[in-house]
Amino acid sequence: MKRKSPARTTKSPQPLAPLLAEARALQPRMVDLRRAIHADPEIGLETPRTREKLLAALAGLELEIDLHARTSGVVAVLRGGAAGASPRRILLRGDMDALPMPEETGLGFCSRHAGRMHACGHDAHVAMLVGAAHLLAARRAELAGDVVFMFQPGEEGFGGADVMLEEGMPAVDGAFALHVAPPLPTGLVGTKPGPLMAAFDDFEIDVVGRGGHASMPHDCVDPVPIACELVLALQSFLAREIPAPDAGVLSVTQIHGGTANNVIADVVTLQGTLRALSASTRAALSAGLRRVAEGVAKTHRAEARVRIQPGYPVAVNDGGFEAFARGVAGELLGSQAVIPLPGAVMGAEDFAYVLERTPGAMMLLGVRAPGVADPAPCHSTRMLLDEDAMPIGTALHAAIATRFLAGGC
Ligand SMILES: [Zn+2]
Ligand SMILES: [Zn+2]
């Protein structure tokens, strides 16, 4: 996606304050869109009703719209009217999908589908990006380059960004995305250069023993104590072999095995997830998990069968682009509103695939309403977001694009 020689312009920059005022004027429409998407959540790569809603909200804007075939993704390109022969291009991304979980918010517009919820704020991400498309389309004549809006399903474990990139996206010179952050108060944005979100890989280990009568364990190879020992051995491996400055997480989240009190099982299965902030730590975690599992099982005459399902790479904010985006956010919102994040988040994010191909950044948008003392996090059945933060996200998308295309980065 990265192009070699972006054109730059040297005109004096447009003031950003009007963007916030216009985004606030758009807020009721954006809130309606967000609530309609929230009430009708869709999961995975196919989110056709969400696509319909966002297309209806973009109707009338001068956009070139490409409906992707392998997913419900939408690529909408706004051609700047003041672009030269080789215009710069920036990608703005909003993810569209929900999670397979019940909703317990009690909101009037809560999910109409049992077992599905927009608990990661992607409903607001879509609405804010639609709002940005409206603000930028109104400035099309002055834009010194093109804006590529990437509406992407399947973020929650389906790698939708990767699928859309494989299907085909326009080449761009920079990329930007926002993710809501329930702990951060409305009005603030959080940012950092370098790794922002972790790589993840999921694993499954079958500890294969030999079942039999529970009164005669000596005639069996009991996988239950072996699995228990393995959980602790994996934690020792993490603590003693992964260097402390290299953040890594190894969580065993499920143990399944056995059918009766008097039967020793043949197999116990452990499942869990690995997180890392560098490719080398990621590789070390997978290799160590495999070695420790096989070694502990063999010690006790059992066998470990390890399967590792690769997840997303590390989401890395480009140093130069992040500094540029931080500056724009400070100009738009006041420098006190831009909070340097103390460290990366060990959650994962498939915008990482975009950031692998082009310099860019993701920022965290504060959505904690005033007076909320103990906000439920993303992926909670009670997760809430303050809709008064939505104009800030809308204006920030538009400000980053405007400044980038004017040669600000
Ligand atoms: Zn999520
Ligand atoms: Zn998310």
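Engineer: Quick question: what am I supposed to make of the overall build of the protein chain here?
Structural biologist: Across its full length, the protein chain carries 9 helices and 16 strands. Expected size for 409 residues packed as a compact globule is a radius of gyration near 22 Å; at 24 Å, the protein chain falls within 12% of this value. Principal axes of the C-alpha set define a box for the protein chain whose edges measure 80 × 45 × 45 Å. Looking at the protein chain residue by residue over its 409 residues, the buried ones come to 53%. Restricting the contact set of the protein chain to residue pairs at least 6 apart, pairs at least 24 apart contribute 82%. Approximately 16,700 Å² of the protein chain is accessible, and the part contributed by carbon and sulfur atoms is 55%. In the protein chain, which carries 37 positive and 44 negative side-chain charges, the distance between the mean positions of the two groups comes to 5 Å.

Engineer: Hey, could you run me through the coordination of the zinc ion (ligand 2) in this one?
Structural biologist: In a perfect tetrahedron of four donors around a metal, the angles come out at 109.5 degrees. In a perfect octahedron of six, they are 90 or 180 degrees. Surrounding the zinc ion (ligand 2) are the protein donor atoms C120 (SG), H122 (NE2) and H179 (NE2), at 2.1 to 2.4 Å. For the zinc ion (ligand 2), the donor residues sit on a single chain with the sequence spacing C-x1-H-x56-H.

Engineer: Hey, could you run me through the sheet that holds strand β1 (residues 64-67) in this one?
Structural biologist: What holds strands together in a sheet is hydrogen bonding between their backbones, with the strands either parallel or antiparallel. Read from one edge of the open sheet, 8 strands run β1-β2-β4-β3-β5-β16-β6-β15, paired in mixed fashion. One side of each edge strand has no neighbouring strand; the edge strands of this open sheet are β1 and β15 (338-340). Going from strand to strand, the sheet's axes swing by 25° on average, the running direction of each strand aside. Pairing between strand β2 (residues 74-78) and strand β4 (residues 145-152): 5 bridges, direction antiparallel.

Engineer: Whenever I open this one, unusual backbone geometry confuses me. Can you help?
Structural biologist: Outside of glycine, negative phi angles account for most residues, and trans bonds account for most peptide bonds. Its identity as a non-glycine residue notwithstanding, R301 has a phi of 70°, on the positive side. Inspection of the secondary structure puts R301 in the loop between α6 (279-299) and β13 (303-310). Located in the positive-phi region is H379, a residue other than glycine, with phi close to 75°. By secondary structure assignment, the location of H379 is in the loop between β16 (360-368) and α9 (390-405).

Engineer: What's the story with the coordination of the zinc ion (ligand 1) in this structure? I'm lost.
Structural biologist: On the protein side, the zinc ion (ligand 1) has C120 (SG), E156 (OE), E156 (OE) and H379 (NE2) as donor atoms, found 2.0 to 2.8 Å from it. Its 4 donor atoms give the zinc ion (ligand 1) angles of 51 to 149° at the centre, a pattern that matches the irregular case. For the zinc ion (ligand 1), the single-chain donor residues occur in sequence as C-x35-E-x222-H. A gap of 3.2 Å separates the zinc ion (ligand 1) and the zinc ion (ligand 2), which C120 links by coordinating each metal. With C120 in the loop between β3 (88-95) and α3 (122-137) and E156 in the loop between β4 and α4 (160-167), the pair connects residues that are 36 residues apart, well separated along the chain. The burial state of C120 is the same as that of E156; both residues are buried.

Engineer: Honestly, the layout of surface pockets in this entry has me stumped. Any pointers?
Structural biologist: Empty space left among the atoms is revealed by rolling a probe the size of a water molecule over them. A volume near 540 Å³ is recorded for the largest pocket. Taken together, 24 residues form the lining of the largest pocket, with C120, M197, G347, A348 and H379 sitting closest to its centre. Residue assignment for the lining of the largest pocket shows that the elements contributing at least two residues are β5 (174-185), β8 (199-208) and β12 (267-276). Sorting elements by how many residues they give to the lining of the largest pocket places β5 first, with 5 residues. Split into classes, the residues belonging to the lining of the largest pocket amount to 13 nonpolar, 6 polar and 5 charged.

Engineer: Mind showing me how you'd approach the pairing of β8 here?
Structural biologist: Remember that side chains alternate between the two faces of the sheet whenever the strand is regular. With respect to burial, β8 is a largely interior element, 8 of its 10 residues being buried. Of the strand pairs in this sheet, β8 and β12 are connected by 10 bridges, and their pairing is antiparallel. Counted as the bridge partner of A199 is A276 from β12. In this structure, β8 lies alongside β13, joined through 8 bridges in antiparallel fashion. Its bridge partner being in β13, D201 is matched across the sheet by P310.

Engineer: When you look at the nonpolar core in this model, what are you seeing that I'm missing?
Structural biologist: Generally speaking, soluble globular proteins have nonpolar side chains that are buried together. The biggest cluster of nonpolar side chains holds 67 residues, and the ones touching the most others in it are V147, F149 and F151. Core analysis: the next-biggest nonpolar cluster, separate from the first, contains 27 residues, A175, L196, A315 and F351 among them.

Engineer: Looking at this structure, how should I read the side chain of D123?
Structural biologist: Counting through the fold element by element, D123 comes out in helix α3. On the basis of relative accessibility, which here comes to 0%, the residue D123 falls in the buried class. Polar contacts involving the side chain of D123 include one to the side chain of R34, which spans 3.0 Å.

Engineer: Is there a simple way to explain the domain arrangement of the protein chain in this structure?
Structural biologist: How big an interface is tends to be reported as the loss of accessible area on association of its parts. The assigned domain composition of the protein chain is domain 1 (17-197 + 314-405) and domain 2 (199-310). Placing the centre of domain 1 and that of domain 2 at their C-alpha centroids yields a distance of 38 Å. Listed as interface residues are 8 residues of domain 1 and, on the opposing side, 9 residues of domain 2. Across the interface of domain 1 and domain 2, roughly 650 Å² is buried in total on both sides, 76% from carbon and sulfur atoms.

Engineer: So what exactly am I meant to see when it comes to the sheet that holds β8 here?
Structural biologist: Across the sheet, 4 strands lie side by side as β10-β12-β8-β13; this open sheet has antiparallel pairing. The two strands at the open ends of the sheet, each matched to only one other strand, are β10 (248-257) and β13. On average, adjacent strands in this sheet sit at an angle of 20° to one another, irrespective of strand direction. Taken strand by strand, helix α5 (residues 223-241) contacts β8, β10 and β12, and its axis lies near 175° from that of β10. Contacts from α6 reach β8, β10, β12 and β13, with the element oriented near 160° to β13.

The rules behind these values
Residues numbered from 1 in each chain as written. Chains lettered and ligands numbered in written order. Predicted model: local features only at pLDDT ≥ 70, side-chain atom pairs only at ≥ 80, totals over all residues. Heavy atoms only, no water. Helix = DSSP H or I, 4+ residues; strand = E, 2+ residues; numbered from the N terminus. Rg over C-alpha atoms; globule rule 2.2 N^0.38 Å. Buried < 20%, exposed > 50% of the residue type's maximum accessible area, 1.4 Å probe, protein only. Contact = heavy atoms within 4.5 Å. Areas by Shrake-Rupley, 256 points an atom, 1.4 Å probe, with all protein chains shown as cover. Lys, Arg positive; Asp, Glu negative; His and termini not counted. Charge placed at Lys NZ, Arg CZ, Asp CG, Glu CD. Donors = N, O, S within 2.8 Å, 3.2 Å for Na, K, Ca; no water. Pairing = 2+ DSSP bridges. Axes fitted to C-alpha atoms, helices over the stretch in contact; angles between N-to-C directions. Tetrahedral: all angles 85-135°; square planar, octahedral: opposite > 155°, others 65-115°. 1 Å grid on protein atoms, 1.4 Å probe; cavity = no way out; pocket = protein on both sides within 12 Å on 5 of 7 lines; lining within 4 Å. Points joined across faces, edges and corners; volume = space filled by probe spheres on them. Nonpolar A, V, L, I, M, F, W, Y, C, P; charged D, E, K, R; others polar. Core = buried A, V, L, I, M, F, W, Y, C linked by side-chain atoms within 4.5 Å. Polar contact = N/O pair within 3.5 Å; in protein donor to acceptor, adjacent residues only side chain to side chain. Domains from an automatic or database assignment. Buried area = accessible area lost by both parts, 1.4 Å probe.

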